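Report on the structure
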Amino acid sequence: MDALFVNHQYSVSGALKLSPNLTASSFPSQPHLIIIRPKPNPSSISVIHNQPNQFLQTQKPLSDDESYGEVDKIIGSRATPTGMQYLIQWKDGHAPSWVSSDSIAKDVVAEYDSPWWTAAKNADDAALRELLDAEDDRDVDAVDSDGRTALLFVAGLGSEACVRLLAEAGADLDHKDNNGGLAALHMAAGYVRPGVVKLLVELGADPEVEDERGRKPLDLAKEILRTTPKGNPVQFARRLGLESVIRELEGAVFEYAEVHELLEKRGKGDAVEYLVKWKDGGDNEWVNARFIGEDLVRDFEAGLEYAVAEGVVGKRVGDDRKMEYLVKWTDIDEATWEPEENVDPDLIKEFEDKESCSSTSTGVPNVG
């Protein structure tokens with residue numbers, strides 16, 4: 001009988017390598033991002049291949065389920081806080097049981113895992129679907145040695161088909177790796193995959209997920225764009241792609257909200273931003289001009305000041321024969337007459353409705 005011990009000197013797993021101190025330059029302009037290499041990991045456990053059958057045995061105390069057993073095959077996997085575990089089907093008829101990866105021979109694990117990681121690193125949606133459709137307990141969020149899931153690989157590779165497939169299988173869209181805290185949206189943004197960015201947001205990924213340095217995918221994309229040379233024909237398509245990524249992420253981050261006033265302006269051209277004060281009392285934020293109403297921008301540029309109207313209390317025809325409304329302000333004691341275009345249409349409607357009701361009840365029209 002073959003007594004198999006685990007040897008950590010050999011590894012068949014590959015990893016998408018990014019530095020924990022990730023910078024914009026860490027993302028190459030070309031899509032050659034997968035690196036597969038042996039990774040040494042010394043251990044006191046060794047492998048013996050001299051007899052036909054396979055057994056699990058280690059040089060540390062094991063539970064009854066782990067002590068000795070003839071392995072038939074792996075029929076499931078699951079990611080845990082301490083690493084991967086595999087569901088072992090035993091040849092001796094014992095019920096299948098979960099065993100930690102470091103207690104299983106590498107070739108046994110590789111036989112089960114290699115097709116999965118090969119499919120992920122090649123963005124092969126057909127192969128991934130076949131594996132997901134198999135009748136076992138494979139964890140769609142299985143992790144490699146760097147804590148990366150298949151979703152992170154296919155997001156970086158730009159495969160919308162694979163991303164959708166894994167999401168439908170229940171993949172954690174916001175899972176972060178152990179090598180910088182990168183999520184799928186960081187990968188898609190960093191490797192300039194606007195289609196995947198849009199799809200991940202539509203599927204429910206958090207556009208404000210942060211890596212270990214506190215950067216959101218939008219921050220990362222902007223950082224990379226700043227370091228991508230302008231005027232270089234080779235980088236032109238990359239800059240366009242990054243701008244598309246940024247638009248998608250900005251559209252996801254900035255929701256509709258009422259602006260109290262615009263406080264400051266910065267930037268030039270397409271990069272113009274305004275410091276927005278919100279009516280709901282939220283923190284002031286810099287927002288790109290394309291996400292702000294044109295009338296607000298126009299008023300800011302014209303130097304107009306803002307005030308908050310409490311309501312309309314009267315109306316009249318002005319000297320230029322245009323309608324004016326008497327506005328009561330929340331922060332000004334005296335009401336003022338304002339031209340119709342300066343008054344909130346909802347406040348005008350509310351006033352007109354009250355006037356109509358009053359006229360109906362008295363039979364006498366009100367005069368402003």
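Residues numbered from 1 in each chain as written. Predicted model: local features only at pLDDT ≥ 70, side-chain atom pairs only at ≥ 80, totals over all residues. Heavy atoms only, no water.

Let us now look at the overall build of the protein chain. Looking only at helices and strands, the protein chain features ten helices and eleven strands. Residues counted as buried form 40% of the 368 residues belonging to the protein chain. Contacts in the protein chain between residues at least 24 apart in sequence constitute 56% of all its contacts with a sequence separation of at least 6. Approximately 20500 Å² of the protein chain is accessible, and the part contributed by carbon and sulfur atoms is 48%. (Helix = DSSP H or I, 4+ residues; strand = E, 2+ residues; numbered from the N terminus. Buried < 20%, exposed > 50% of the residue type's maximum accessible area, 1.4 Å probe, protein only. Contact = heavy atoms within 4.5 Å. Areas by Shrake-Rupley, 256 points an atom, 1.4 Å probe, with all protein chains shown as cover.)

Attention now moves to the nonpolar core. With 56 residues, the main nonpolar core has W116, L151, L166 and L200 as its most contacted residues. Residue contacts for L166: discarding those within four places in its chain leaves W116, L132, V140, A150, L151, V154 and A171. Core analysis: the second largest hydrophobic core is formed by twelve residues, V272, Y274, V287 and V297 among them. (Core = buried A, V, L, I, M, F, W, Y, C linked by side-chain atoms within 4.5 Å.)

One open sheet accounts for three strands, arranged 6-7-8; its pairing is antiparallel. In this open sheet, the two edge strands, each paired with only one partner strand, are strand 6 (259-266) and strand 8 (285-288). Averaged over all pairs of adjacent strands, the angle between strand axes in this sheet comes to 40°, irrespective of strand direction. When strand 7 (residues 273-278) meets strand 8, the two strands line up antiparallel, connected through four bridges. Its bridge partner being in strand 8, L275 is matched across the sheet by W286. (Pairing = 2+ DSSP bridges. Axes fitted to C-alpha atoms, helices over the stretch in contact; angles between N-to-C directions.)

This part takes up the sheet that holds strand 5 (residues 97-100). The antiparallel open sheet is built from three strands, whose spatial order is 3-4-5. Of all the strands in the sheet, the pair left with one neighbour each is strand 3 (71-80) and strand 5. The average undirected angle you get between the axes of adjacent strands in this sheet is 35°. Inspection of the sheet shows strand 4 (residues 83-90) paired to strand 5 by four bridges, in the antiparallel sense. Bridging from a neighbouring strand, Q85 pairs with S100 of strand 5. Contacts between helix 1 (residues 106-121) and the sheet are confined to strand 3 and strand 4, with strand 3 contributing the most and set at about 70° to the helix.

Right, let's get into helix 8 (residues 233-253). A rise of 1.5 Å per residue sets the reference length of helix 8, with its 21 residues, at 30 Å; its end C-alpha atoms lie 31 Å apart and thus fit the reference within 8%. Turning to helix 8, the residues buried within the fold contact helix 5 (184-190), helix 6 (194-203), helix 7 (217-227) and strand 8. (Expected span 1.5 Å × (residues − 1).)

Our focus in this paragraph is a negative patch on the surface. Together, D319, D320, E340 and E341 line one region of the surface with negative charge. Examined against the element boundaries, E341 turns out to sit in the loop between strand 11 (336-339) and helix 10 (345-362). Looking at E341, the relative accessible area reads 61%, which means it is exposed. (Patch = residues over 30% accessible without salt bridge, like charges linked within 9 Å, V, L, I, M, F, W, Y side chains within 5 Å. Salt bridge = Lys/Arg side-chain N within 4 Å of Asp/Glu carboxyl O. Lys, Arg positive; Asp, Glu negative; His and termini not counted. Charge placed at Lys NZ, Arg CZ, Asp CG, Glu CD.)

Before going further, it helps to examine the pattern of salt bridges. A complete count under the given rule lists 14 salt bridges for this structure. Here R266 makes a salt bridge to E273, at a shortest N to O gap of 2.8 Å. With a relative accessible area of 12%, E273 lands in the buried category. Residues joined in a network through salt bridges with shared partners are K222, E250, R266 and E273.

Mean pLDDT over the protein chain stands at 79; residues scoring 70 or higher make up 77%. Every residue in residues 1-22 is under pLDDT 50, and counting partners more than four places away or in other chains gives 91 contacts. When the criterion is pLDDT under 50, residues 29-66 qualifies, and its contacts beyond four places in sequence or with other chains add up to 95 contacts. (pLDDT = per-residue confidence, 0-100.)

Let us look at the side chain of S97. Along the polypeptide, S97 turns up in strand 5. Within the structure, S97 has its side chain in polar contact with the side chain of W90 (distance 3.0 Å). (Polar contact = N/O pair within 3.5 Å; in protein donor to acceptor, adjacent residues only side chain to side chain.)

On to unusual backbone geometry. Residues other than glycine seldom take positive phi values, yet V192 does so here, at roughly 55°. One non-glycine residue, R321, lies in the positive phi region at around 70°. Along the polypeptide, R321 turns up in the loop between strand 9 (309-317) and strand 10 (323-329).

Moving on to the packing of aromatic side chains. Geometrically, a pair of aromatic rings is defined through the distance of the ring centres and the angle of the planes. In the structure shown here, the tally under the stated rule is four aromatic pairs. Between Y274 and F300 the ring centres are 5.3 Å apart and the planes differ by 80°, which places this aromatic pair in the edge-to-face class. Of this pair, Y274 sits in strand 7 while F300 sits in helix 9 (residues 294-301), placing them 26 residues apart in sequence. On the basis of relative accessibility, which here comes to 2%, the residue Y274 falls in the buried class. We classify F300 as partly exposed; its relative accessible area is 22%. (Phe/Tyr/Trp six-rings, centres within 6.5 Å; stacked < 30°, edge-to-face > 60°.)

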